[in-house]
4 protein chains.
Amino acid sequence: MTEQARRKQIVDAAVAVIAAEGYAKASFGRIAKQAGLSSTGLISYHFANKRELMDEVVRTVLADFTEFVLARTDDVAGPAAQLRAFIAANVEFASERRTHLVAMLEVARAEPGDGPDPVLEADLRGLADLLRAGQRLGEFRDFDADVMAMAIRSARDGLLLKLRTEPDLDLDVYTGELVTLFDLATRRTP
Amino acid sequence: MTEQARRKQIVDAAVAVIAAEGYAKASFGRIAKQAGLSSTGLISYHFANKRELMDEVVRTVLADFTEFVLARTDDVAGPAAQLRAFIAANVEFASERRTHLVAMLEVARAEPGDGPDPVLEADLRGLADLLRAGQRLGEFRDFDADVMAMAIRSARDGLLLKLRTEPDLDLDVYTGELVTLFDLATRRTP
Amino acid sequence: MTEQARRKQIVDAAVAVIAAEGYAKASFGRIAKQAGLSSTGLISYHFANKRELMDEVVRTVLADFTEFVLARTDDVAGPAAQLRAFIAANVEFASERRTHLVAMLEVARAEPGDGPDPVLEADLRGLADLLRAGQRLGEFRDFDADVMAMAIRSARDGLLLKLRTEPDLDLDVYTGELVTLFDLATRRTP
Amino acid sequence: MTEQARRKQIVDAAVAVIAAEGYAKASFGRIAKQAGLSSTGLISYHFANKRELMDEVVRTVLADFTEFVLARTDDVAGPAAQLRAFIAANVEFASERRTHLVAMLEVARAEPGDGPDPVLEADLRGLADLLRAGQRLGEFRDFDADVMAMAIRSARDGLLLKLRTEPDLDLDVYTGELVTLFDLATRRTP
DNA sequence: CATGAATGAGATTTCATTCAT
DNA sequence: GATGAATGAAATCTCATTCAT
């Protein structure tokens, strides 16, 4: 088995365990079992230490997530439409790749680095820029873009929480509700 | 020392440790040290096991939180004003008793019970009812009350996250932003 | 069992294991077995980590050794007689408390601290001073005191090595040989 | 690459690692890295097990050392002169090939075989013979040749220790001191 | 010959919990 | 009630060795 494939296998198992049982219980033992490995030594063989594995979990999911969202917002014209697309993309990712998103957020929370949280940055930076652009164009009203960005991101995390107990949630409805909510909250009132 | 006082001392120490270092690192050893106890045996003496201690952490903070919010929303007239008061109360609690709120949410996340999460319930139940009442009275537009409630709660958690890195945040501004946001998002448009 | 007694028991077991099997094989497991403990956790309970245990081994034996030698050299008059007493004391300690001395030297070699080796210092400092005093008094010839001190100490370590394979060595003979050797090597020739 | 060259490369790397970090930390991993090998498997391919590698380390250095000393003592006439040459050769080897000597002694100490230590034998055998020959010729006084041999060998090990912290030691001085020391200690007094 | 993935044992350390005093 | 020593499980990490390619 190739190095790359094995690392991916381990990262996938880690994602599954973290999403299912939480970061605290994601020991090498459980991850190895989930991956069907014969020993935790194999994880240590492929990752220098636990932090390296967890960093790779974050890196992998974050790249995936970023690409996913960008692909769905890139060619959209106008701030309001972009915001709608952004929210829809987030909801879609949260449902389609729920375990990945949950695992990434768990790791980011449990292992805060020294500097700013890269996951949080990735979530907020582009979004706040989008909002500010909309304000400059006069499409959005004059709110605090950072607060609004955090509210939007947090609403997506709320969906993650709901999906835990209600996996059959109607996502189209949820998307529509959030889109309307933040459309009303951001648009310049006549 | 009375039984009750001792339990409170331990719970307070647990809250402090969890908020400062996270649930994962909140071992009996660290909690005992924080409380100035001479032995972790004392914790085991007063609590059947770790889960019991953590349950009491949740119970204590949740009661405190519920009372705090109720006291600030009870005598307010009208759904819109109640919603504003609710948001303001949440922001206030999140800043004044940040460690308590953080600890409670950490425990709830790390040790999910079998049934529905009581913390989540407490956050959402009353809020959703408030929103539905406003809809019945015609003050609020026709949104999904559960989704809106979750968005409001999640926005408060976003504030908690922001407070971790920006403890000197201007709370009045934050409150104002959130109040306006959800006022626009909920009100019946003319 | 009292803290102090338990620590002593563990240190003694560590000394025995190190002397018998070498520092490299002196794992907590073997030490616990030697001491008749039920678990290595007990060692960790009494010593913060392995280095702490080993430091205590060195500290204990070194204090013992220093006291032993001082008691046998203190009230001796004249450099030549003091040197003879010093050598005799070293040989005696090396045979009576062979395991202690071996263990101390093993640890000192395996875990070199940042600064100068305290064991080496203890061995050489007083001895070199003694030699220099003898030179000032005209009893000793004009050699390099540091080189001579090291040679004397090394000769004692040679005895330790010999004792490993020949435990029934005639110590009186050995002492006599070393005393004569260094007497001739140090005395001012007529 | 030829079998022999590969083995030599590995032995050299082992010597370097052992001298620099001690036997305890001389794992196959570190040795492979030092040698620039891509896998520890290569070491296992060329040596049946770790002991075999270490035995070869000892064998290699010992042959080198023996040849070195013999070359410098062979054509010297007279026991006293031979002793001087022996000491000088030991000091020279200890400084010129310090890592080799240190590594050999480390291995011999850490992995004592069942029978007599071949390293010790090699050090002492010829030396004691030399001393006894001098006694028979009447040039040396009547000491215990084994004790004297051990003292001489030990003095050289003392130099090794000193070189660790004082690599710029003046070796000519050191040689002179030791030569004089043992000249006085061995010669027949008038 | 060489590679590098895999294995399983063993190391130190942390921890919740028990229990005699 | 309180203390603190003791226990044994579990965690991460290192290592020599094996083996398919």
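Computed from a predicted structure; not experimentally measured. (Residues numbered from 1 in each chain as written. Chains lettered and ligands numbered in written order. Predicted model: local features only at pLDDT ≥ 70, side-chain atom pairs only at ≥ 80, totals over all residues. Heavy atoms only, no water.)

On to the domain arrangement of chain A. It is common to give the size of an interface as the accessible area lost on bringing the parts into contact. Residues and elements named next belong to chain A. Domain parsing of chain A yields domain 1 (1–47) and domain 2 (57–186). Measuring from the centre of the C-alpha atoms in domain 1 to the corresponding centre in domain 2 gives 28 Å. Every contact between the two is made by seven residues of domain 1 and, on the other side, 11 residues of domain 2. For the domain 1 and domain 2 pair, buried surface summed over both sides reaches about 780 Å², with 75% attributable to carbon and sulfur atoms. For domain 1, the biggest contributors to the area lost against domain 2 are V15, A19 and Y23; these three give 64% of the whole. Taken together, the residues of the side of domain 1 that touches domain 2 sort by class into six nonpolar, one polar and no charged. (Domains from an automatic or database assignment. Contact = heavy atoms within 4.5 Å. Buried area = accessible area lost by both parts, 1.4 Å probe. Nonpolar A, V, L, I, M, F, W, Y, C, P; charged D, E, K, R; others polar.)

Below, the discussion takes up the interface of chain C and chain D. If you look at the interface, chain C gives 27 residues, while chain D gives 27 residues. Summed over both partners, the interface of chain C with chain D buries about 2500 Å², with 70% contributed by carbon and sulfur atoms. On the chain C side of the contact with chain D, R109, V147 and L181 of chain C bury the most area, a combined 21% of that side's loss. For the pair chain C and chain D, the number of links is zero salt bridges. Summed over the shared surface of chain C and chain D, the result is three residue pairs in polar contact (both at pLDDT 80 or more). No other element matches helix 8 (residues 145–165) of chain C, which puts 12 residues into the side of chain C that touches chain D. Class assignment for the residues of the side of chain C that touches chain D results in 14 nonpolar, four polar and nine charged. (Salt bridge = Lys/Arg side-chain N within 4 Å of Asp/Glu carboxyl O. Polar contact = N/O pair within 3.5 Å; in protein donor to acceptor, adjacent residues only side chain to side chain. Helix = DSSP H or I, 4+ residues; strand = E, 2+ residues; numbered from the N terminus.)

Glancing now at the relation of the copies chain C and chain D. Once turned by 178 degrees and shifted 0.0 Å along the axis, chain C lies on chain D with an RMSD of 0.3 Å. Accordingly, the operation relating the two chain copies is best matched by a two-fold axis. With an isologous cut-off of 70% or more, the 96% of interface residues of chain C that recur at the interface of chain D puts this contact in the isologous class. (Least-squares fit on C-alpha atoms with pLDDT ≥ 70 in both.)

All names here are of chain C. Helix length check: helix 1 (residues 3–21) (19 residues) gives 27 Å between terminal C-alpha atoms against 27 Å at 1.5 Å per residue, within 8%. Every buried residue of helix 1 is accounted for by R7, I10, V11, A13, A14, V15, V17, I18 and A19. Next to the buried residues of helix 1 lie helix 2 (28–35), helix 3 (41–46), helix 4 (50–73) and helix 6 (98–110). Following helix 1 by one or two positions, G22 has its phi on the positive side, about 90 degrees. (Expected span 1.5 Å × (residues − 1). Buried < 20%, exposed > 50% of the residue type's maximum accessible area, 1.4 Å probe, protein only.)

As a further point, take the protein's contact with DNA strand F. Around DNA strand F, the surrounding shell holds 34 residues, and the nearest of these are S39 of chain B, R6, S38 and Y45 of chain C together with F28 of chain D. Considering the 4 Å shell around the protein, atoms of DNA strand F inside it are sugar or phosphate in 71% of instances. In this structure, H46 of chain B approaches DNA strand F through a side-chain N or O atom, which is 2.9 Å from a phosphate oxygen. One nitrogen or oxygen atom from the side chain of T40 of chain D is found 3.4 Å from a base oxygen belonging to DNA strand F. (Near = heavy atom within 4 Å.)

Okay, the side chain of K162 of chain D next. On the secondary structure map, K162 of chain D appears in helix 8 (residues 145–165). It turns out K162 of chain D is buried and unbridged, and the closest side chain with the opposite charge, E166 of chain D, is 4.2 Å from it. Setting aside residues up to four positions removed in sequence, K162 of chain D forms contacts with D146 and M150 of chain C together with L169 and Y174 of chain D. (Lys, Arg positive; Asp, Glu negative; His and termini not counted.)

Feature annotation in UniProt assigns "domain: HTH tetR-type" (unreviewed entry) to the following positions: residues 10–57 of chain A. Helix and strand shares over residues 10–57 of chain A are 71% and 0% respectively, and the end C-alpha atoms of the span are 9 Å apart. (UniProt positions renumbered as here; feature names shortened; annotations may be inferred.)

Before going further, it helps to spend a moment on the pattern of salt bridges. Residue and element names in this part refer to chain A. Taken as a whole, this structure holds 69 salt bridges over all chains when the rule is applied. When the shortest N-O distance is used, the salt bridge between E21 and R30 registers 3.4 Å. Residue class for E21 comes out partly exposed when judged on its relative accessible area of 37%. By relative accessible area, R30 is classed as partly exposed at 38%. Close ionic contact of D123 with R153 constitutes a salt bridge, the shortest N to O distance being 2.7 Å. Residue D123 is found in helix 7 (residues 118–136), and its partner R153 is found in helix 8 (residues 145–165); the two are separated by 30 residues along the sequence. Accessibility expressed as a relative area gives 3% for D123, which makes it buried. Here the salt bridges do not stand alone but share partners, grouping E3, R7, E56 and R59 into one network.

Let's shift gears to the packing of aromatic side chains. All chains considered together, the criterion is met by 12 aromatic pairs over all chains. Between F65 of chain C and F93 of chain C the ring centres are 5.0 Å apart and the planes differ by 75 degrees, which places this aromatic pair in the edge-to-face class. Taken together, the residues span a long stretch of sequence, with F65 of chain C in helix 4 and F93 of chain C in helix 5 (residues 79–96) at a distance of 28 residues. Pairing F68 of chain C with F93 of chain C gives two aromatic rings, centres 5.1 Å apart and planes at 75 degrees, and the pair type is edge-to-face. On the criterion of sequence distance, the pair formed by F68 of chain C in helix 4 and F93 of chain C in helix 5 is long-range, its members being 25 residues apart. When sorted by exposure, F68 of chain C lands in the same class as F93 of chain C, which is buried. Through a chain of ring-to-ring contacts, the aromatic side chains of F65, F68 and F93 of chain A assemble into a single cluster. In this arrangement the basic side chain of K50 of chain B is found over the ring face of Y23 of chain B, its NZ or CZ atom lying 5.6 Å from the centre. (Phe/Tyr/Trp six-rings, centres within 6.5 Å; stacked < 30°, edge-to-face > 60°. Lys NZ or Arg CZ within 6 Å of the ring centre and 35° of its normal.)

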